[in-house]
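Chain by chain, the residues:
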Amino acid sequence: MGGTVTATNLEALYAVACIPFDSEIGCGFALPLFATLSAPTVFFVQEMDEYSNTVSGFSRLSEDLVSSIELVQRPTSEIGKAPIYSFFDEKGNAVVGQLKAIDSALLSFAGRCPQFSAITLQIFELVGTQKEKQLARSRMRQTILDASGVAAAKAFYEGSVLRTLLWDQLVIRAPSVESARRILGARSKLDFNIGDRGNVSLNLDALDPSDYENIDLTSIAHELENEIKRVEVATPPHISIVDQADLFGNSGIDLTIQQDRNVDEALSLISRTGQQEERLAILLDTILGSRTTGKQLLKHYSSDRAQYADAAIKEIISALDNPFTYQKKQTQVELSDNERPSAETLIDIPLQGFSHGMPKNRALLFYYLSKHLGKYPNARKALRARYLARYSIYFRPYENEIRKFLEIE
């Protein structure tokens, strides 16, 4: 494409054209090109912050792009916001926007056109549930196996899929944002070995040990081993994604996929959240929204890089496993078994953990709990009672918003 220069302090940038990544197929993702209203023929592309998955800047393209296709839809792209994607379906129709705006169109294409294995894999890696990703990877592996043989299929799975899973797990569990960025920077040098019995050993020599301290490397190795076991099930390439799911014994597949998507969304949000206090609030939000989904989330998010959040998570897990032991005696509301322990009990777990010598952090935690949990009547009632009974000067920076979230006049 030629040289690029970083663009700063630009006026609004609109998606005006795109370049298909594979023009021969006629469908799939395309590179969106951006321009300002005042200079519509000067094209820019988005630069990405891989850790936060947001736009970090724009680079100007220095050459004319005669192969670009003009777009009708023209959403804007902004620094610090989610990136804009462009995609052509099998009829040549373009959809353009952030993933949350075009995910239904992408998933619809994947359901209609499972024969495009590489494209459906890209779609599910971006917006699919964990189960959909695994099935799409299996389909792609089978396609490569049929076309190019065992060695090529093995290279695809071990060299691409499993390495990506390793990077993702390390980034999610990184002890700090800085560590996560260093892991992303060194990912091409991170490796693993697979033993004769399918046992996995990690090779993280390219990283400073401090970047993976307190990370349970054994559990990551087990994640890779489980992924290997899952693809041992042969998946015929002519079967649709939904039928493939049935092969794995999933009854009520729509409900299961939606639940998995909720877990994936929560995990993604937690991994991008810097404050341990808000990570805990997001976790409790997921649990109160659906105990089943919350328990699924905790299978993947069973520890935290921060000491106090980690301790709170472990106690939350214990409370969910032993609801009658943890249920507060003062709770007068009649609860079903699926509602135990109560919202009040779950809220008090992190609040008590942050109560010893951490008044500022406790106030910040209370703010995030109010923000994320104020929509649940029982949680709002419990938080309101604690706010009015234990007001602290450390609440002052958040006072107006807390009162709004908890509907305090």
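The structure presented is a predicted model; accordingly, all values stated were derived computationally and were not measured. (Residues numbered from 1 in each chain as written. Predicted model: local features only at pLDDT ≥ 70, side-chain atom pairs only at ≥ 80, totals over all residues. Heavy atoms only, no water.)

A. Molecular detail of the overall build of the chain. Looking only at helices and strands, one finds 16 helices and 11 strands in the chain. The buried share of the chain, reckoned over its 409 residues, is 47%. The contacts of the chain with a sequence gap of at least 6 include a subset with a gap of at least 24, amounting to 55%. Surface exposure of the chain reaches about 21,000 Å², of which carbon and sulfur atoms provide 49%. (Helix = DSSP H or I, 4+ residues; strand = E, 2+ residues; numbered from the N terminus. Buried < 20%, exposed > 50% of the residue type's maximum accessible area, 1.4 Å probe, protein only. Contact = heavy atoms within 4.5 Å. Areas by Shrake-Rupley, 256 points an atom, 1.4 Å probe, with all protein chains shown as cover.)

B. A look at the packing of aromatic side chains. Per the counting criterion, the structure on display carries 11 aromatic pairs. Aromatic ring contacts, followed pair by pair, group Phe29, Phe87, Phe109 and Phe116 into a single cluster. (Phe/Tyr/Trp six-rings, centres within 6.5 Å; stacked < 30°, edge-to-face > 60°.)

C. Quick peek at the side chain of Arg139. Assignment of secondary structure puts Arg139 in helix 3 (residues 130–148). A distance of 3.2 Å separates the side chain of Arg139 from the backbone oxygen of Pro114, its partner in a polar contact. (Polar contact = N/O pair within 3.5 Å; in protein donor to acceptor, adjacent residues only side chain to side chain.)

D. Region of interest: helix 10 (residues 291–300). For helix 10, the complete set of buried residues consists of Arg291, Thr293, Gly294, Leu297 and Leu298. Buried residues in helix 10, looked at end-on, bunch into an arc of 160 degrees, giving them a common side. (Arc of directions from axis to C-beta.)

E. Here's a closer look at the state of the cysteines. By the definition in use, this model includes zero disulfides. Between Cys27, a cysteine without a disulfide, and Cys113, which holds the nearest cysteine sulfur, the sulfur-to-sulfur distance is 6.5 Å. On the accessibility criterion, Cys27 (6% relative accessible area) is buried. (Disulfide = S-S within 2.5 Å.)

F. Expanded view of the nonpolar core. Formed by 45 residues in total, the largest nonpolar core has its most connected members in Ile316, Leu369 and Leu373. Put simply, the parts of the chain that give this core at least two residues each are helix 8 (253–271), helix 9 (276–289), helix 10, helix 11 (307–321), helix 13 (343–353), helix 14 (359–373) and helix 15 (377–389). Considering every element that reaches this core, the biggest residue donor is helix 14, with eight residues. The contacts of Ile316, once residues within four sequence positions are left out, are Leu283, Leu284, Ile287, Leu298, Leu346 and Ile349. Membership of the second largest hydrophobic core comes to 44 residues, among which are Leu99, Ile102, Ile119 and Leu204. (Core = buried A, V, L, I, M, F, W, Y, C linked by side-chain atoms within 4.5 Å.)

G. Seen up close, the environment of Ile317. For Ile317, the location among the structural elements is in helix 11. Separated by 18 residues in sequence, Ile317 and Lys299 place their C-alpha atoms 9.5 Å apart. Sequence-distant contacts of Ile317, that is, excluding residues within four places in its chain, are made with Leu298 and Ser302.

H. Highlighting the pattern of salt bridges. For the structure on display, the rule yields 15 salt bridges. One salt bridge in this structure joins Glu278 and Lys371, with 3.8 Å as the shortest N-O distance. Here Glu278 is found in helix 9, whereas its partner Lys371 is found in helix 14, with 93 residues between them in sequence. Residue classification places Glu278 among the buried positions, given a relative accessible area of 14%. Judged by its relative accessible area of 39%, Lys371 falls in the partly exposed class. Across the pair Arg386 and Glu344 runs a salt bridge, and its minimum N-O distance is 3.1 Å. Of this pair, Arg386 sits in helix 15 while Glu344 sits in helix 13, and the two are 42 residues apart along the sequence. Residue Arg386 shares its accessibility class with Glu344, and that shared class is buried. What you see here is one network of salt bridges that share partners, running through Glu344, Asp348 and Arg386. (Salt bridge = Lys/Arg side-chain N within 4 Å of Asp/Glu carboxyl O.)

I. Quick peek at helix 15. An ideal rise of 1.5 Å per residue puts 18 Å on 13 residues; helix 15 measures up with 18 Å between its terminal C-alpha atoms. Every buried residue belonging to helix 15 is among Ala379, Arg380, Ala382, Leu383, Arg386 and Tyr387, and all of these are buried. Down the axis of helix 15, the buried side of the element spans an arc of 165 degrees, and every buried residue falls inside it. Set apart from the buried face of helix 15 by more than 90 degrees, the exposed residues are Pro377, Lys381, Leu388 and Ala389. The elements touched by buried residues of helix 15 are helix 9, helix 13, helix 14 and helix 16 (399–405). (Expected span 1.5 Å × (residues − 1).)

J. Geometry of the packing of helix 3 against helix 4 (residues 150–172). Packing of helix 3 against helix 4 leaves a shortest axis separation of 7 Å and a crossing angle of 150 degrees. Accordingly, the angle class assigned to the pair helix 3 and helix 4 is roughly antiparallel. Between helix 3 and helix 4 the crossing geometry is right-handed. Contacts between helix 3 and helix 4 involve Arg137, Met140, Arg141, Ile144, Leu145 and Ser148 from the former and Val150, Ala152, Ala153, Phe156, Tyr157 and Val161 from the latter. In terms of residue class, the contact of helix 3 with helix 4 is made up of nine nonpolar, one polar and two charged. (Axes fitted to C-alpha atoms, helices over the stretch in contact; angles between N-to-C directions. Parallel < 35°, antiparallel > 145°, perpendicular 65-115°, else oblique. Left-handed = near helix turned anticlockwise from the far one by under 90°. Nonpolar A, V, L, I, M, F, W, Y, C, P; charged D, E, K, R; others polar.)

K. Representation of the packing of helix 13 against helix 14. Look at helix 13 against helix 14: their axes get within 9 Å of each other, and the N-to-C directions meet at 160 degrees. Classified by the angle their axes make, helix 13 and helix 14 are roughly antiparallel. The hand of the helix 13/helix 14 crossing is right-handed. Side by side, helix 13 and helix 14 meet where Ile347, Pro350 and Leu351 of the first sit next to Arg362, Leu365, Phe366, Leu369 and Leu373 of the second. Of the residues contributing to the contact of helix 13 with helix 14, the split by class is seven nonpolar, no polar and one charged.

L. Layout of unusual backbone geometry. If you check the backbone angles, Asn53 has positive phi at about 55 degrees while not being a glycine. Relative to the elements of secondary structure, Asn53 occurs in the loop between strand 4 (44–49) and strand 5 (54–61). You can call Asn53 partly exposed: its relative accessible area is 36%. A positive phi is found at Asn214, a non-glycine position, where the angle reads about 70 degrees. Mapped onto the elements of the fold, Asn214 is located in the loop between strand 11 (200–203) and helix 6 (217–230). Accessibility expressed as a relative area gives 74% for Asn214, which makes it exposed.

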